[in-house]
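Okay, here's what each chain looks like letter by letter:
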Amino acid sequence: MGEVKLDAKIYMKPSEELTDLIQNQPPDLLPDHVTKELKDERLSVKSLQSLKGLLSKNDKKRLCHALESSEMLLPSPEYPERNPVLEARCQQLRRDQEEREYRRLTKNVGNNFGVSEAPLSTQMKELNAILISLLQFVVSVVCAFAFGYLAPYYFYGTINRGTQILCGTAVAIVVGIADLYFVIRETLHNEGFVLKKID
């Protein structure tokens, strides 16, 4: 790859006022490079300095106002053309990188689009697993309520129904929340989510 080239000269695009000021000067006093640059509509700093030396005091004031309305042309770098083989290789690498990024983003998306539904036996196994989990949850909560309901009677001999129902409900809620936690955790584990341990 070639080097970047930069022409470090600053030019002025003359305004109409500056053009009139230069054209009103005697042609035999104007240097040739000023006339040539005026035709190209690009005046260099050197031309402006030589022009300033030719002007009278009043024209120098006009020159300042004319320069304010003129446009400064700053240099811009010239970049060499890239090697076509290199450019084609860079584009291929960009496409490969985009493809890898796309695959990374979509790797956890199920690729069963357009595939027929799972066989009936697989669906029945999933349904059985769900029903067993549900039945286990219900049995756990009912047994916990029964334990909490009978515990005050066996431990303290309390026959107050309000106390027994309150204890049974509290124990059933605690066991139900714990059972739900383990069911959700097992479901997430089966779907591929890994839960981190809290230190």
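Everything here concerns the structure above.
Now for a quick tour of the structure. (Residues numbered from 1 in each chain as written. Predicted model: local features only at pLDDT ≥ 70, side-chain atom pairs only at ≥ 80, totals over all residues. Heavy atoms only, no water.)

Approximately 350 Å³ is the volume attributed to the largest pocket. Those elements that place two or more of their residues in the lining of the largest pocket are α6 (120-156) and α7 (161-191). (1 Å grid on protein atoms, 1.4 Å probe; cavity = no way out; pocket = protein on both sides within 12 Å on 5 of 7 lines; lining within 4 Å. Points joined across faces, edges and corners; volume = space filled by probe spheres on them. Helix = DSSP H or I, 4+ residues; strand = E, 2+ residues; numbered from the N terminus.)

In this structure the tally under the stated criterion is 2 salt bridges. When the shortest N-O distance is used, the salt bridge between Glu-99 and Arg-103 registers 3.5 Å. With a gap of 4 residues between them, Glu-99 and Arg-103 both fall in helix α5 (residues 84-105), about one helical turn apart. Its relative accessible area of 38% is what places Glu-99 among the partly exposed residues. The class of Arg-103 is partly exposed, set by a relative accessible area of 48%. Across the pair Arg-104 and Glu-101 runs a salt bridge whose closest N-O atoms are separated by 2.7 Å. Of the two residues, Arg-104 and Glu-101 are both situated in helix α5; the distance of 3 residues between them amounts to about one turn of the helix. (Salt bridge = Lys/Arg side-chain N within 4 Å of Asp/Glu carboxyl O. Buried < 20%, exposed > 50% of the residue type's maximum accessible area, 1.4 Å probe, protein only.)

Here the focus is the nonpolar core. Leu-18, Ile-22, Leu-51 and Leu-63 are the most contacted members of the largest nonpolar core, which totals 13 residues. Only α1 (16-23), α2 (32-40), α3 (45-54) and α4 (57-69) provide two or more residues apiece to this core. The dominant element in this core, judged by the number of residues it contributes, is α1, at 3 residues. Residues in contact with Leu-18, not counting those within four places in the same chain, are Leu-43, Leu-48, Leu-63, Ala-66, Leu-67 and Ser-70. (Core = buried A, V, L, I, M, F, W, Y, C linked by side-chain atoms within 4.5 Å. Contact = heavy atoms within 4.5 Å.)

With that settled, the discussion passes to a nonpolar patch on the surface. Together, Leu-120, Met-124, Leu-127, Leu-131, Leu-134, Val-138 and Val-142 make up a nonpolar patch on the protein surface, roughly 650 Å² of accessible area in all. Looking at the secondary structure, you find Val-142 in helix α6. (Patch = residues over 30% accessible without salt bridge, like charges linked within 9 Å, V, L, I, M, F, W, Y side chains within 5 Å. Areas by Shrake-Rupley, 256 points an atom, 1.4 Å probe, with all protein chains shown as cover.)

A separate point is α2. Listed as buried for α2 are Val-34, Glu-37 and Leu-38. Taken end-on, α2 shows its buried residues confined to a sector of 105°, consistent with a single buried face. Of the residues in α2, the exposed ones pointing more than 90 degrees away from the buried face are Asp-32, Lys-36, Lys-39 and Asp-40. Where α2 is buried, its residues contact α1, β2 (43-44) and α3. Glu-41 occupies a position one or two residues after α2 and carries a positive phi of about 60°. (Arc of directions from axis to C-beta.)

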